[in-house]
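The chain contents come next:
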Amino acid sequence: METQVHRYKEQSFRGPHELYFENLSKRKKIMEKNGNNRKLRVCVATCNRADYSKLAPIMFGIKAEPQFFELDVVVLGSHLIDDYGNTYRMIEQDDFDINTRLHTIVRGEDEAAMVESVGLALVKLPDVLNRLKPDIMIVHGDRFDALAVATSAALMNIRILHIEGGEVSGTIDDSIRHAITKLAHYHVCCTRNAEQHLISMCEDHDRILLAGCPSYDKLLSAKNKDYMSIIRMWLGDDVKPKDYIVALQHPVTTDIKHSIKMFELTLDALISFNKRTLILFPNIDAGSKEMVRVMRKKGVEHHPNFRAVKHVPFDQFIQLVAHAGCMIGNSSCGVREVGAFGTPVINLGTRQIGRETGENVLHVRDADTQDKILQALHLQFGKQYPCSKIYGDGNAVPRILKFLKSIDLQEPLQKKFCFPPVKENISKDIDHILETQSALAVDLGGTNLRVAIVSMKGEVVKKNTQSNPKTYEERIKLILQMCVEAAAEAVKLNCRILGVGISTGGRVNPREGIVLHSTKLIQEWSSVDLRTPISDTLHLPVWVDNDGNCAALAERKFGQGKGLENFVTLITGTGIGGGIIHQHELIHGSSFCAAELGHLVVSLDGPDCSCGNHGCIEAYASGMALQREAKKLHDEDLLLVEGMSMKKEETVSAHHLIQAAKLGNAKAASILRTAGTALGLGVVNILHTMNPSLVILSGVLASHYINIVKDVIRQQALFSVQTVDVVVSDLVDPALLGAASMVLDYTTRRVQ
């Protein structure tokens, strides 16, 4: 659209945005673009008495501007059924030409009949639409007949304007309303909440008009001083204003049996309350036939206090509810239109459970006893509440007509949905401007425990490192303490924590957030539920996975594996771990033991491994293995060379071995070469088994092994896999970043 949609203020419906559509030159341009001032052909489809009350004001507005519009009227549904009052006659009485009458209702008033009625409408509508060839089809609300109209128009490439989309009520109506929304090209909504719902449903904001309810244009201008004649006509000469009840109750199609029982209790309560009552027959939904049977069983049609009618013209109905002592039932009219008069309303059951209501509405959602309903009548009857303008200010039709004139028929017909952004650029949403969406990442390694705040872009905003305690109790206590401190720090740093991701050594069940068991690197770390205590403490969702898997996830989201379908990550640290990405997904294995690459056996008579086996890669190439060999050299006084020194209390580590090798210690260099060769043989096995497109070496030892690994591949691997690239990760904290990625990918619904 070339124009910006007007939206009224929630309370006053007016304000500085009233400039909408006041630029006449733009409007003329659009009219010219649509074809030499060709009139817009608008088809209005009306299905029942209720939707006509909303559509009629728009139809009058269109008819009043013949220089801009041509109006076609299609009547279908219960309008054409005698049992429901033949309400098409009120359309004729309003002096509208009905272009087409479609008998689409299959009688039966049950679920199957509703489905068959939709099918019959779908069969008949194409011929009508082919004949009329409208530019715009106007559809109202949430009825099954309206769904048939919208479906036909959408499939026949006719633009659809949906009235009252985005609202929430109850039963199947919600699903039908939202289905029509997805078919519609333009939307006229009545409240700001409804507008926000439409935006949340990914509808284009520029095609949404917040206009108010069209029926309010008539409600708020209704000044019929002769309302007494209307009251006497429908309720009797002896009835006074505010001394009668209007009852309108429909079946709830998702729980027909309960809604019939509730209707029976309502009639019993009304009989006991002993006030004159105008009761309208229910609509044509499944269950209505049983409700009529209940009315007849109770003798309502012949009871002196009741006037049972199939239909009341809308102009007269307005006066009746405006001067009633109370309205009772589950009609949307009760919670929407009646608020304009401040008439007390009793809303029964769940049919309108999500509607916005004024203070005049008393909800009896669990209307399972006559006494509850009777008590509600005693509380509400005869009160007068402030008039509510939640649903409109009386100026909806002028806004809708201007909206129609702004429609550019040269625009592509195909709808565009405004899905939330999934790119890495900063969103313009206010939450993203004011806060940095982040994850709390925990890395529990064999030596250290680290907790960090990690942003959506993979930036480590804040990090804290502590030694990993030796006992379960101390470890859990420290994890919780560090997480709580980090969460508090996040607030100061203006970071919004979306969840907690935990990278830990050991075999992990990520579905349950449980560490099944660990190697000797992390003691007392078997059958540990990590998710529950952290989630309970921080009130955040928690994800847990193995550290090697987390390294692979980090590469997939932030590193050199981004965009690759298949790759393998090997992480070198205190132990040796790994992760496998196959067809863009992380492989866990049937018992969560996949990618335990550190425990691939590369020698039958190799050194003992912490897993209990011997000859594993970890027994050769891990930081723990290098430390073991460094201690042996040191004990034999063969470690230190010129340029090295150690304090007496200093612990021998892998770092000393690497330093010695760099300074020319031949024995240290030989140990490193053997370790790199063991790792290289493991990579060869991986290439032969998985045939990935890339192998990423990660961790503090990766740069020391990379050249040796490549040499082993050239010497030992099959020719067909020798071209597979092996690289060193450029990520500084792969375990932390991988832990964060579990949170960020899930909570922002990103697919990499």
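Residues numbered from 1 in each chain as written. Predicted model: local features only at pLDDT ≥ 70, side-chain atom pairs only at ≥ 80, totals over all residues. Heavy atoms only, no water.

UniProt records the feature "binding site: an N-acyl-D-mannosamine" (unreviewed entry) for Arg507, Thr519, Asp547, Glu596, His599 and Glu618 in the present numbering. With sequence-adjacent residues up to four places away left out, Thr519 is seen in contact with His599 and Ser610. Counting through the fold element by element, Glu618 comes out in helix α20 (residues 617–621). On the basis of relative accessibility, which here comes to 4%, the residue Glu618 falls in the buried class. The contacts of Glu618, once residues within four sequence positions are left out, are Leu521, Gly575, Ile576, Gly598, His599, Cys609, Ser610, Met624 and Ala625. (UniProt positions renumbered as here; feature names shortened; annotations may be inferred. Contact = heavy atoms within 4.5 Å. Helix = DSSP H or I, 4+ residues; strand = E, 2+ residues; numbered from the N terminus. Buried < 20%, exposed > 50% of the residue type's maximum accessible area, 1.4 Å probe, protein only.)

This part takes up the pairing of strand β26 (residues 725–728). Bridge count between strand β25 (residues 694–699) and β26: 4 bridges; the pairing is parallel. From the neighbouring strand, Leu697 faces β26, where its bridge partner is Val728. The parallel pair β25 and β26, bridged by helix α24 (residues 702–716), forms a crossover whose chirality is right-handed. (Pairing = 2+ DSSP bridges. Right-handed = clockwise from strand over helix to strand, strands pointing away.)

Membership of the largest hydrophobic core comes to 61 residues, with the highest contact counts inside it found for Met137, Ile245, Ile279, Ile328, Ile346, Leu348 and Leu377. With 9 residues, helix α10 (residues 256–273) is the largest single contributor of residues to this core. When residues of this core are assigned to domains, at least three fall in each of domain 1 (38–213) and domain 2 (220–380). Beyond its immediate chain neighbours, meaning those up to four positions away, Ile328 contacts Ile245, Val246, Ala247, Leu248, Thr266, Leu270, Ile346, Leu348, Ile373 and Leu377. One finds Leu626, Leu633, Val709 and Ile713 within the second-largest nonpolar core, a separate group that totals 42 residues. (Core = buried A, V, L, I, M, F, W, Y, C linked by side-chain atoms within 4.5 Å. Domains from an automatic or database assignment.)

Once that is clear, we can look at the pairing of strand β11 (residues 326–329). Judged by which residues are buried, β11 turns out to be covered on both faces: Cys326 and Ile328 on one side and Met327 and Gly329 on the other are all buried. The pairing of strand β8 (residues 244–248) with β11 spans 4 bridges and is parallel. Note that in β11 the partner of Ile245 across the bridge is Cys326. Relative to strand β12 (residues 345–348), β11 is paired through 3 bridges, and the arrangement is parallel. Among the inter-strand pairings, Gly329 is bridged to a residue of β12, identified as Asn347.

With that settled, consider the sheet that holds strand β24 (residues 585–586). The 5 strands lie next to each other as β24-β23-β22-β25-β26, forming an open sheet whose pairing is mixed. Both edges of this open sheet fall to β24 and β26, since each of them pairs with a single strand only. Bridge count between strand β22 (residues 567–572) and β25: 5 bridges; the pairing is parallel. When the bridges of β25 are listed, Thr572 appears paired with Gly699. Packing against the sheet, helix α23 (residues 666–690) makes contact with β22, β23 (576–582) and β25, and its axis sits at approximately 160° to β22. (Axes fitted to C-alpha atoms, helices over the stretch in contact; angles between N-to-C directions.)

This part covers helix α14 (residues 370–380). Three or more residues of α14 are buried, namely Ile373, Leu374, Ala376, Leu377 and Gln380. One side of α14 carries all its buried residues, which in axial view fall inside an arc of 155°. In α14, the exposed residues that point more than 90 degrees away from the buried face are His378 and Leu379. Two residues or fewer after α14 comes Gly382, characterised by a positive phi angle close to 85°. (Arc of directions from axis to C-beta.)

So, on to the pattern of salt bridges. Scanning the model with the defined rule gives 40 salt bridges in all. Here Lys405 ties to Glu65 by a salt bridge, and the two come within 2.5 Å at their closest N and O atoms. In this pair, Lys405 is assigned in helix α15 (residues 396–406) and Glu65 in the loop between α2 (49–63) and β2 (69–76), connecting sequence segments 340 residues apart. Just as Lys405 is buried, Glu65 falls in that class too. With a shortest N-O distance of 3.1 Å, Arg628 and Glu629 are connected by a salt bridge. Connected through salt bridges with shared partners, the residues Lys54, Asp142, Glu164, Glu167, Asp174, Arg177, Arg336, Glu337 and Arg355 form a single ionic network. (Salt bridge = Lys/Arg side-chain N within 4 Å of Asp/Glu carboxyl O.)

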